[in-house]
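# Overview (structure and organization)
As a plain string of letters, each chain reads:
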Amino acid sequence: MKISIIIPCYNEEKTLEIIVNKVLKFKSFEKEIIIVDDCSQDSTPDIINNLISQHQEIKSIRHERNFGKGEGIKSGLKISNGKIVLIQDADLEYNPEDYDNLIEPFLKTDADIVYGSRFLGGKYGKLSFFWHFVANKILTIICNVFTNLNMTDMETGYKLFKSEAIKSIELKEKSFGIEPEITVKLAKKGFVFYEVPISYSGRSYDEGKKIGLKDAFVAVYCIVKYKFFN
């Protein structure tokens, strides 16, 4: 089974090579690593070129302007050819050591989609912002109301899909709104969701965290929009 690992990134010169090296250690299945550079202005493009020269399983796409995480995921999906698609953030918040546990439901159950939950209890969890925690829980509850799911972590960065599932929907959001868009659209089509506990080491805004309060309001809008419209 081949796994397509899509890594959207923007100005991640401090962490990109570290996270890619962690991903490269994953040997359980054949993999392709797709790095989507969302028009980074730092040394990220040079790091990507260096990684590609050393590892044949890595390929990349570069956007000519900055769009957002959603556009990065969409670009990566277009060239992915694995049976399972895994979204990996380019920072160090999510640990690829969780990959085997995340993939297990696809092998042993009827899972079409697997989300890694930061709130089910992984090996470790770095304490971070209280209000981010509250916002995540509120957004997840709202999403559950509209999808009739019982998720614990809709905004998780670890989302895995059977390729035919994620490619069966048309994605429109360019930035962080793609998180609720994906969830709502796949739930509407009746795909089977599972959650797996993951470890999490959240970073601060000083360390490069990009999501903010505005994105929470966008998420609520997207939940309602994609529940009733396509």
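Up top is the structure.
Read on for a plain summary of the structure. Just so we're clear, the structure is a prediction, and the values are computed from it rather than from any experiment.

Here we take up the pattern of salt bridges. The full count for this structure, using the stated rule, is 13 salt bridges. Salt-bridge contacts for Asp-153 lead to Arg-118; the nearest nitrogen and oxygen are separated by 2.7 Å. One end of the pair, Asp-153, is in the loop between α5 (130-147) and β6 (159-162); the other, Arg-118, is in the loop between β5 (113-117) and α5, with 35 residues separating them in the sequence. The class for Asp-153 is buried, based on a relative accessible area of 0%. In this structure Arg-118 comes out as buried when scored by relative accessible area, which is 15%. When the shortest N-O distance is used, the salt bridge between Glu-179 and Lys-159 registers 2.6 Å. Remark: Lys-159 occurs in strand β6 and Glu-179 occurs in helix α7 (residues 178-188); sequence separation between them is 20 residues. Grouping residues by exposure puts Glu-179 and Lys-159 together as buried.

This brings us to the packing of helix α1 (residues 16-24) against helix α2 (residues 44-54). A packed helix pair is summarised by two numbers, namely the angle formed by the two axes and the spacing between the axes. Between α1 and α2, the least distance of the axes is 10 Å, while the angle of their chain directions is 30°. On the basis of their axis angle, the class for α1 and α2 is roughly parallel. Note that α1 runs across α2; the crossing there is right-handed. Contacts between α1 and α2 pair Leu-16, Glu-17 and Val-20 from the former with Thr-44, Ile-47, Ile-48, Asn-50 and Leu-51 from the latter.

Once that is clear, we can look at the nonpolar core. Core analysis: the largest hydrophobic core is formed by 31 residues, its most contacted members being Leu-16, Val-20, Ile-35, Tyr-99, Leu-102 and Leu-160. Taken together, the elements giving at least two residues each to this core come down to β1 (2-9), α1, β2 (30-37), α2, β4 (84-87) and α4 (99-108). Tallying contributions element by element places α1 first for this core, with five residues. What Leu-160 contacts, discounting residues up to four positions off in sequence, is Ile-84, Val-85, Leu-86, Leu-102, Ile-103, Phe-106, Asp-112, Ile-113 and Val-114. The next biggest cluster of nonpolar side chains, apart from the first, holds 28 residues, and it includes Ile-113, Leu-171, Ile-182 and Ile-223.

Most of β1 is tucked away: seven of the eight residues are buried. Each parallel crossover has a hand, and for β1 linked through α1 to β2 it is right-handed. As paired elements, β1 and β4 share four bridges and run parallel to each other. If you follow Ile-3 over to β4, its bridge partner there is Ile-84.

Definitions and limits used
- The numbers attached to residues start from 1 for each chain and follow its sequence in the written order.
- For this predicted model, a pLDDT threshold of at least 70 governs which residues receive local features, and a threshold of 80 or more governs which side-chain atom pairs are given and counted, while totals over whole chains, interfaces and linings are taken from all residues.
- Here the side-chain values reflect all heavy atoms present in the structure, with hydrogen atoms and water set aside.
- One speaks of a salt bridge when a side-chain nitrogen belonging to Lys or Arg is within 4 Å of a carboxyl oxygen belonging to Asp or Glu.
- Only DSSP runs of H or I covering at least 4 residues are called helices, and only runs of E covering at least 2 are called strands; the numbering of each starts at the N terminus.
- Working definition: with a 1.4 Å probe on protein chains only, accessible area under 20% of the residue-type maximum means buried, over 50% means exposed, and in between means partly exposed.
- Here an axis means a line fitted to C-alpha atoms, over the contact stretch when the element is a helix, while the angle between two N-to-C directions is reported on a 0 to 180 degree scale.
- Note on angle classes: values under 35 degrees are labelled roughly parallel, values over 145 roughly antiparallel, values of 65 to 115 roughly perpendicular, and the remainder oblique.
- Handedness of a crossing is defined here by the sense of rotation of the near helix relative to the far one, left-handed for an anticlockwise turn of less than a right angle and right-handed for a clockwise turn.
- The criterion used for residue contact is that any of the two residues' heavy atoms lie within 4.5 Å.
- For the purposes of this section, nonpolar cores are sets of buried Ala, Val, Leu, Ile, Met, Phe, Trp, Tyr and Cys residues that join through side-chain atoms within 4.5 Å.
- Convention used here: a crossover is right-handed provided that the path from the first strand, over the helix, to the second strand proceeds clockwise when the strands point away from the viewer.
- Strands pair, by our definition, only if DSSP identifies at least two bridges between them.

Fair warning: the whole summary comes from geometry, so function is off the table for now.
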